[in-house]
Amino acid sequence: MNEFLLIFRRDFKTKETQPSPEELQQHFQQWQNWFGSLAAQDKLARPLQKWDGQGKLVNSNKGITDGPFVEIKESIGGLIIIKAKDYDEAAEIAQGCPVLNFGGNVEIRMAV
């Protein structure tokens, strides 16, 4: 088994793209169900972690600013590390990710 990083991206800032409280509750339940399914299949490579909305951005001039800021509307909403045989299996797992239900996407990277 290989380890893959799944990075969840979507527009987390624009007011018009934010779910209603009811949609948000349903969305959280989808995430819990998906994570539970991955754990039951022994596909999580490490325990789930929560990530804060803060951050720092270090640029090529070694300047540091508060962040995270992105030049496009998409931003990282979270990430997990999973176990999968190959990219195809990792992509199949990612297809079940709830962020896709809100117009987001999942970037997949294999640890080497």
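Residues numbered from 1 in each chain as written. Predicted model: local features only at pLDDT ≥ 70, side-chain atom pairs only at ≥ 80, totals over all residues. Heavy atoms only, no water.

### Overview of the nonpolar core
Line of reasoning, step 1. Within the largest apolar cluster, 18 residues are counted, with the highest numbers of intra-cluster contacts made by Leu6, Phe8, Trp34, Ile80, Ile82 and Val106.
Line of reasoning, step 2. Those elements that provide at least two residues to this core are strand 1 (2–11), helix 1 (21–40), strand 4 (74–84), helix 2 (87–94) and strand 5 (105–110).
Line of reasoning, step 3. Of the residues forming this core, the biggest block, 4 residues, is contributed by helix 1.
Line of reasoning, step 4. Excluding residues that lie within four positions of it along the chain, Ile82 makes contacts with Asn2, Glu3, Phe4, Leu6, Lys43, Leu44, Ala45, Ala90 and Ile93. (Core = buried A, V, L, I, M, F, W, Y, C linked by side-chain atoms within 4.5 Å. Buried < 20%, exposed > 50% of the residue type's maximum accessible area, 1.4 Å probe, protein only. Helix = DSSP H or I, 4+ residues; strand = E, 2+ residues; numbered from the N terminus. Contact = heavy atoms within 4.5 Å.)

### Here we look at the pattern of salt bridges
Line of reasoning, step 1. Under the definition given, this model contains 4 salt bridges.
Line of reasoning, step 2. A salt bridge links Arg9 to Glu107; the nearest nitrogen and oxygen atoms lie 2.2 Å apart. In this pair, Arg9 is assigned in strand 1 and Glu107 in strand 5, connecting sequence segments 98 residues apart.
Line of reasoning, step 3. By relative accessible area, which is 21% here, Arg9 ends up partly exposed.
Line of reasoning, step 4. A salt bridge links Arg109 to Glu107, with the shortest nitrogen-to-oxygen separation between them at 2.7 Å.
Line of reasoning, step 5. For Arg109, a relative accessible area of 48% translates into the label partly exposed.
Line of reasoning, step 6. In the salt-bridge network here, residues are joined through shared partners; they are Arg9, Glu107 and Arg109. (Salt bridge = Lys/Arg side-chain N within 4 Å of Asp/Glu carboxyl O.)

### Observations regarding the confidence of the model for the protein
Line of reasoning, step 1. Taken as a whole, the protein shows an average pLDDT of 87; of its residues, 88% reach a score of 70 or greater.
Line of reasoning, step 2. Looking at the elements of the protein, mean pLDDT is at its lowest for strand 2 (residues 56–58), recorded as 81, and at its highest for helix 2, recorded as 97. (pLDDT = per-residue confidence, 0-100.)

### Some thoughts on the packing of aromatic side chains
Line of reasoning, step 1. Summed over the entire model, instances satisfying the criterion amount to 6 aromatic pairs.
Line of reasoning, step 2. Seen from their ring centres, Phe8 and Trp34 are 6.0 Å apart, and the 70° between their planes marks the pair as edge-to-face. Separated by 26 residues along the polypeptide, Phe8 in strand 1 and Trp34 in helix 1 bring together distant segments of the chain.
Line of reasoning, step 3. Given the relative accessible area of 9%, Trp34 is considered buried.
Line of reasoning, step 4. Seen in terms of ring centroids, Trp34 and Phe35 are 5.6 Å apart; in terms of plane orientation they differ by 40°. Their pairing is tilted. (Phe/Tyr/Trp six-rings, centres within 6.5 Å; stacked < 30°, edge-to-face > 60°.)

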